[in-house]
Structures are given as structure tokens and as C-alpha cells.
Amino acid sequence: MQHVAQIAWHRAAAPCTAPPRLPPPPRRLLAAPPASRRTKWPNRFYPRRQQPLPEFTGEAEEEGAWGQPEEKRDEMQLWMDRLASVQPTERSVAVAQLLRIEEEGAFAGLVGGSPGADTDEAVPSEAEAEEEPSPGQQRRRQEGDEPWGRGLDPRNKRAVTDLVASVTRWRRRLDYIIEACSGRRMADLDAPLRQILRVGALELIEKQAPSHSVNEHVELAKQVMHKGSAGVANFVLREIVRRQEAGTLPQPPAPTKGTSPEEAAEALAVGASHPTWLVAGWLQQYGPKATMELLRWNNRKPHYAVRLAPELDPAAVCQRLEGMRVMAQPSHYLPREFITVQNNMQALLSSGLISSGKGQVQVSVIVIGSHWKLLNDAAWREGSREALLSSGLISSGKGQVQDEAAGLVVALLDPQPGEDLLDACAAPGGKTLFSAARMQGQGSILALDIGRSRLAALRGMAARQQHGAMVSTHAADLRDFAPMLAQRRRQSAVGGEDAQQEVQEAQQGEREAAEAHGSADDQAGDSRSKPWPTQFDRVLLDAPCSGTGVLAKRADLRWRRTPEEVEQMAGLQGQLLAAAASVVKPGGLLVYSTCSLEAVENQQQVSAFLANHPDFSVEPPPAETGIPPKCVSPEGYLLMLPHVHGTDGAFAVRLRRRGDSDGGSGSVAGCHSHALQGQG
Ligand SMILES: C[S@@+](CC[C@H](N)C(=O)[O-])C[C@H]1O[C@@H](n2cnc3c(N)ncnc32)[C@H](O)[C@@H]1O
């Protein structure tokens, strides 16, 4: 298994303060196991519990995430209380966080949000930046975070983050090994025991922890659960040690000539710890060699890129960073605006170039969205997160962590000074702000998104980067917003005032909402006081997507997505494309982009769109965009493949609208029907 992150495993068990006296385990947790569990282990190994746990359904918390919500939640709460009552160590806190991940089915709020809300670690994670917080996360934010880890110092907390992310990334492979070594299904083990075994197996296999580290996991199982659970932990982890030493650690069977495609996908997926459906799809789409390269990419240490403010010279910045032992170089793809950072991200962040002050970092992190996790990864690896937080490049607005692939999407859009731009799915705002920088303060950008709170963060960041005057924001569903603009356009063409009134009311409502959110930055959006254009020179639709191009940086995402969800996303993307097309000026440009690697979200979307919109055609990237030919597919699409280009995965296409039209685009049926449904 690949070594994903460095932690000093031997620090993991070191208590930070004197151990508290533990209360006895909750009675319910001491009950005998169900009959179905009594076949495999010697009696002394049984966690004593009478009732089998109901199955986790994966549904949203408020809909009854647990098969028997009350009982299951009570059970989980008891485990959580028990974990909170033991001496906090990196392992106990990691186990608590992993449990919460299983409870909520989401990574969000964990890696970034715990172990202590009183630290910089409480910065929202990427998932939170891109999605509205779940009811559970909202509740915790209101009530304050759990007390886990309060005694841990920042280094311990980074180690926790590392453990949680590494276990999350390698979960399937770890489970395979644990199940093979124990003869038990993971689902049949109690929830905390599952996590303890995963953490223990990860340390032994990936971090080459010595065999006596097993004692510490066993002790944790004893403290949190029961002697029987400690026995299971001891048995399984020692079996892993034994097999590792003998070189017989369980491996999925290597594909042979007779192996069916499904079996090959399964074996590959287990070995590389990915879901089988995803690997099967990639095998079909990209073939075995590329799929294996992609899987390897997803499991290795990611690297980072930073977009610099226009006044900074990338070569000079890199030279300055060299003195701080940061290996950085001007981006291969966007050499005038981006640098790539190979190591020591903390030093960079402490250089004064990126960030200083917790509040400002939070804003940056929200804006950089998916790259928060990256920073977090870097922080724990390099072991110098404090330095990261005492820096200044980001807070000063002079640098923003942004992947080159995201930068290339803006290069493809190529926004020009003086134009009207609609960023139709703008939050958290990385592409909005790069576009604003390219437009040099001239023109207007309307940043639209369905997530209001994330737009507030975008406004703050725009102000800090001196783009407040040209960037205005509006929270709405694009599928409602576009028809409203179209109606206004039609009515103003025949002198009607109703729709004009509606738009002005919407703008007024947005101003009031922004003021109610109460930031001085909100005053910066002067352009909000002017009417929005009804059509735009350029429209960027950076659509919500499965995110399969960013799995290296998102440890959790591979487990959160399902094939059904990808299909649903594709449906939404089609509707959003139709809506976005309806607000492109004749002769104007629509750029559709995703960070997905799935054809159904990319190439197939474009084909379906073109079939319904004969007034649009694909425009390969013109020379002035500076897009390197090796990033362009034969069809003229921007296609960034992580294992080929060394960036995040991204897809983007320029769709030029015919200039001879009088404003009537192709079908906007998708957005109209949605708007009507919404009104009904
Ligand atoms: C991939 S993210 C955009 C990232 C952003 N362009 C950036 O570079 O920072 C997709 C965004 O689409 C938004 N979104 C999803 N459905 C939407 C809808 N129906 N209308 C408007 N925005 C939507 C989500 O809230 C999310 O912020």
C-alpha cells in the first residue's frame, strides 16, 4: 500500500494530559451479541450486546439515517460519549471522527471541523464549501463542536487529520485485509471496533508501525468498548502483523486470461481502494493502462498550485520561496499567473505571500473550495501548519490556491475587459476571481449560485482581491433565474414593465439579504445597484458534478458518489446547460465545464446540447487562449486527465452562439419546465 502521509505513529498514543477516571461503559454496550454473531469468535472475544445494530441506510440524517433512527442514534451517541470520556489521543480522536463519518455518510465537517472548534482546524472542509451543511453539521455548528481532542496540540491534530484521511482513502483495501485476516465481515463488527481495526491496520501496513503498537489499539478498544472487543482487536491486528512478516498479506486475485471484466474491475478496485463501479467505467472509457495510472494518481500525494495576483512575477516569487526551501516553479500551463508547489506548502503559506490570521484564512479556504483539503493534507505532511497560518499571500489577496486545470477553464473562457460575464455556478468562486483578475477591473461579473452562504464568502474574497466593484452575487437556481431574465428581455422588447419590476425586486432582495449577512464587503458590489444584463457576452457554467477528477485530493469522494447520483447529476447538468444557453448574447460564448472524468457528464452532455441547440457550435480553443495543444481533445474540448497532465481532472468546451440570431436560443425547455414546476 502506498505511503500517503507521514505521521510519527509512536506519538499517536502519547497522552497529552493526565488520564481522567473513566466512567463505566454504558450498560447497553455491555450486552451480549446477537445469536448470528456467536459462530466465529471464541466467547471471550464477543462484545457483549443483546440487540444487533440496525443497518445504516445512508439516508440523510433528518430522514432517519439509521434503520431504527432513535435506537441507532442513541447507540451512536453512547459510543461517542464513551470516546469523549477517554484520554484524548490521536487514535481515539481519529476513531471518533471516523465514526462520525460513518454516521453522517459524509466527510464534511470532520477533517476540517474537529477535533477542536477553537483552533484553525475548524475551517470548513471542501465538502462544506461546495455543499450546504447537513442538518447534523448545522446543529454542531450551533451547539459547538464535540469536546474530543480538546487536549491535543496542533501537531497531534494534524496527525488525526492524516489518520482520518488515510483510513478514508484506503478503507476498502483495509477492510479486505481485515476481513480476510479475521474471517468476519466488517459490517458484523461494532462500529468503534471497525474504526479501531482500520486505524490499526493502516498504521501497521502503510506506516510500518512496529508490532507492539497493536497494544495501544487493543487498549483503546478495552477503554471504549469491552474486553471482548479488545480481544478481537488483538487477534486481528496480530494476524495482520504475522501475515505481513510472512509476506502473505491478503491481496485480491490478480486478473488472468479467464478473468471476466467484472472480476478484473473488482480486483483492481479492491487493490487500489476505489469503488468497483467507478473502476469498471474507467476501464471501459480509458482502457486498463490509463485506468491503472489514474488509480495510482488518486492514491498518491497531491501537489498544489497557487494563482498569483497579476502584479506578482511568478519567477521572482519562486526565487523567494527557494530561500524558504519551498520547491516551486512557474506553472507549465499558465506560467504568467500560476506557480506549482512540490513541497513545504506550510513554508509557502508562512512566507507572507499567502495567508495570515484565522478569519482571513477561513475566507480563503471557503473560496478555494476543493483545495482546502489539499492544504490540510500538506499541512499534516510537512508538519508545520502553524507556519501556514502565520503567513500572508492568501489573506493579502495576492495568492490563491487553485488547481491549474481550474485556471485553464478560465483561460478557455478568456473573459475580456469591459464585457458582461455570468458565472452561473460560481461558488466558492475560484473561477469568478480569476476571471475578474483577467478583466482588469473593467466590465461586470454576476456570480450566481444556489448556495447563499457560499456567495457571502465569495463577496468577501472579491473585496480582498480588489474585485468587489465588478463582482456582484445573486443566490438563485439558474433554472429559475435564466427564464426570469428571458421574460424580462421579451417584455422590455414590447415595452412591458412587469418582468423589469420582477428583476429589480430580485436585485433589491439580494441587496437586502447581503446587508442582513452584515459584511462591510457587501457594500462593495456597486454593480448590484445597476440592472443585470438580460444576456451576457460570456457565460461560464462550471456545473455541479461527480468530481471524479479530483479524487486524489478528496479522500472521501470516491465513497460518497454512486452511479445513480452520476446519472442524476447528468440530468441536472442538461437542464443547467439549457438555462445557461438562453442568456448568452447572439455571437456570445458559453463555456461548460466539470471536474468529472465521466463521459456522461462531459462529452455526452455536449452532444445532447448541440442536438437541441443548432445555433451553438463547438469552438476549439483559439490560439490567444494559450491552451497547449496537448490539453485539447480531437473534438476541440479542453480535457485534463490527472495521470496524463499532472493536474486535477477537468473537462471544458467553448460553445459559440451564432451571431445572426435575434436572441432566440435553441430549446430552453429544460429551464422553463423547471420554472413552471417550481411555481406549481
Ligand atoms: C463545481 S461547483 C462551482 C465551483 C466554482 N465555479 C469555482 O470555481 O469555485 C458547482 C456549484 O454549482 C452550484 N449549483 C448547483 N445547482 C445549482 C443550480 N441549480 N443553480 C445554480 N447553482 C447551482 C453549487 O452550489 C456549486 O457551488
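Residues numbered from 1 in each chain as written. Predicted model: local features only at pLDDT ≥ 70, side-chain atom pairs only at ≥ 80, totals over all residues. Heavy atoms only, no water.

1. Section: the overall build of the chain
And then number 1: Within the chain, the regular secondary structure consists of 26 helices and 12 strands.
And then number 2: Here the chain holds 680 residues, and 60% of them are scored as buried.
And then number 3: Put simply, of all contacts in the chain between residues at least 6 apart along the chain, 75% involve residues at least 24 apart.
And then number 4: Of the roughly 26,100 Å² that the chain leaves accessible, carbon and sulfur atoms contribute 51%. (Helix = DSSP H or I, 4+ residues; strand = E, 2+ residues; numbered from the N terminus. Buried < 20%, exposed > 50% of the residue type's maximum accessible area, 1.4 Å probe, protein only. Contact = heavy atoms within 4.5 Å. Areas by Shrake-Rupley, 256 points an atom, 1.4 Å probe, with all protein chains shown as cover.)

2. Quick look at the packing of aromatic side chains
And then number 1: The final tally for this structure, using the stated rule, is 4 aromatic pairs.
And then number 2: Taking 5.3 Å as the distance between ring centres and 70° as the angle between the ring planes, the aromatic pair formed by Phe481 and Trp532 counts as edge-to-face. Here Trp532 lies in the loop between helix H21 (498-517) and strand E8 (536-542) and Phe481 lies in helix H20 (residues 478-493), a separation of 51 residues in the sequence. Across the pair, exposure class does not vary: Phe481 and Trp532 are buried alike.
And then number 3: Measuring from ring centre to ring centre gives 5.2 Å for Phe609 and Phe616, while their planes differ by 70°; the resulting arrangement is edge-to-face. As far as the burial class goes, Phe609 and Phe616 line up, both buried. (Phe/Tyr/Trp six-rings, centres within 6.5 Å; stacked < 30°, edge-to-face > 60°.)

3. Thoughts on the site of the ligand
And then number 1: The immediate surroundings of the ligand are formed by 19 residues, with Ala427, Asp449, Arg454, Asp477 and Asp542 found nearest.
And then number 2: Gly429 is positioned such that a nitrogen or oxygen atom in its backbone is 2.9 Å from an oxygen atom of the ligand.
And then number 3: In this structure, an oxygen atom belonging to the ligand sits 2.6 Å away from a side-chain N or O atom of Asp449.
And then number 4: In isolation the ligand exposes 610 Å². Once the protein is present, 90% of that is buried.
And then number 5: Put simply, the parts of the chain that give the shell around the ligand at least two residues each are helix H18 (430-438) and H20. (Near = heavy atom within 4 Å. Polar contact = N/O pair within 3.5 Å; in protein donor to acceptor, adjacent residues only side chain to side chain.)

4. As for the sheet that holds strand E1 (residues 304-308)
And then number 1: Strands sit in the order E2-E3-E1-E4 across an open sheet of 4 strands; the sheet is antiparallel. If you trace the sheet from one side to the other, it starts and ends with strand E2 (328-330) and strand E4 (399-401), each paired once. Adjacent strand axes in the sheet meet at a mean angle of 30°, parallel and antiparallel pairs treated alike.
And then number 2: Here E2 pairs with strand E3 (residues 338-341) via 3 bridges, running antiparallel. Within E3, the residue paired with Gln329 across the bridge is Thr340.
And then number 3: This element, helix H12 (residues 314-322), spans E1, E2 and E3 of the sheet and lies at about 170° to E2. (Pairing = 2+ DSSP bridges. Axes fitted to C-alpha atoms, helices over the stretch in contact; angles between N-to-C directions.)

5. Here we look at the UniProt feature "binding site: S-adenosyl-L-methionine" (unreviewed entry) in the chain
And then number 1: In the numbering used here, UniProt assigns the "binding site: S-adenosyl-L-methionine" (unreviewed entry) feature to Cys425, Ala426, Ala427, Pro428, Gly429, Gly430, Lys431, Asp449, Asp477 and Asp542.
And then number 2: Among the structural elements, Gly430 can be located in helix H18.
And then number 3: Its place among the elements puts Asp477 in the loop between strand E7 (471-475) and H20. (UniProt positions renumbered as here; feature names shortened; annotations may be inferred.)

6. Focus on helix H17 (residues 404-413)
And then number 1: Counting buried positions over the 10 residues of H17 gives 10, a clear majority of the element.
And then number 2: Looking only at H17, the buried set comprises Glu404, Ala405, Ala406, Gly407, Leu408, Val409, Val410, Ala411, Leu412 and Leu413.
And then number 3: One or two steps after H17, the chain reaches Asp414, where phi turns positive at roughly 55°.

7. A few points about the pairing of strand E9 (residues 584-594)
And then number 1: Counting buried residues in E9 gives 8 out of 11 residues, a clear majority hidden from the surface.
And then number 2: Sheet analysis places E8 next to E9, joined by 6 bridges and oriented parallel. Across the sheet, residue Leu540 finds its bridge partner in E9, namely Val591.
And then number 3: Sheet topology places E9 next to strand E12 (residues 650-657); 6 bridges connect them, and they run antiparallel. The partner of Ser593 across the bridge, within E12, is Ala652.

8. Thoughts on the environment of Gly443
And then number 1: You can see Gly443 is positioned in the loop between H18 and strand E6 (444-449).
And then number 2: A relative accessible area of 32% places Gly443 in the partly exposed class.

9. Observations concerning the pattern of salt bridges
Proximity of charged atoms lets side chains of opposite charge pair with each other.
And then number 1: The final tally for this structure, using the stated rule, is 24 salt bridges.
And then number 2: The salt bridge partner of Asp175 is Arg198, with a shortest N-O separation of 2.8 Å. Here the residue Asp175 occupies a position in helix H5 (residues 154-182), and Arg198 occupies one in helix H6 (residues 191-205), the gap between them amounting to 23 residues. Like Arg198, Asp175 is buried. (Salt bridge = Lys/Arg side-chain N within 4 Å of Asp/Glu carboxyl O.)

10. A closer look at the pairing of E12
And then number 1: Among the 8 residues that make up E12, 7 are buried, leaving the element largely enclosed by the rest of the structure.
And then number 2: For strand E10 (residues 616-618) and E12, the ladder comprises 3 bridges, and the chain directions are antiparallel. When the bridges of E12 are listed, Phe616 appears paired with Arg657.
And then number 3: Summarising the sheet, strand E11 (residues 638-640) and E12 pair through 3 bridges and their orientation is antiparallel. Pairing of Leu639 across the sheet is with Phe651, part of E12.

11. Side note on helix H9 (residues 261-271)
And then number 1: All buried positions along H9 are accounted for by Ala264, Ala265, Ala267, Ala269 and Val270.
And then number 2: Each element contacted by the buried residues of H9 is listed here: H5 and helix H10 (276-286).
And then number 3: Looking at the residues trailing H9, positive phi occurs at Ser273, about 55°.

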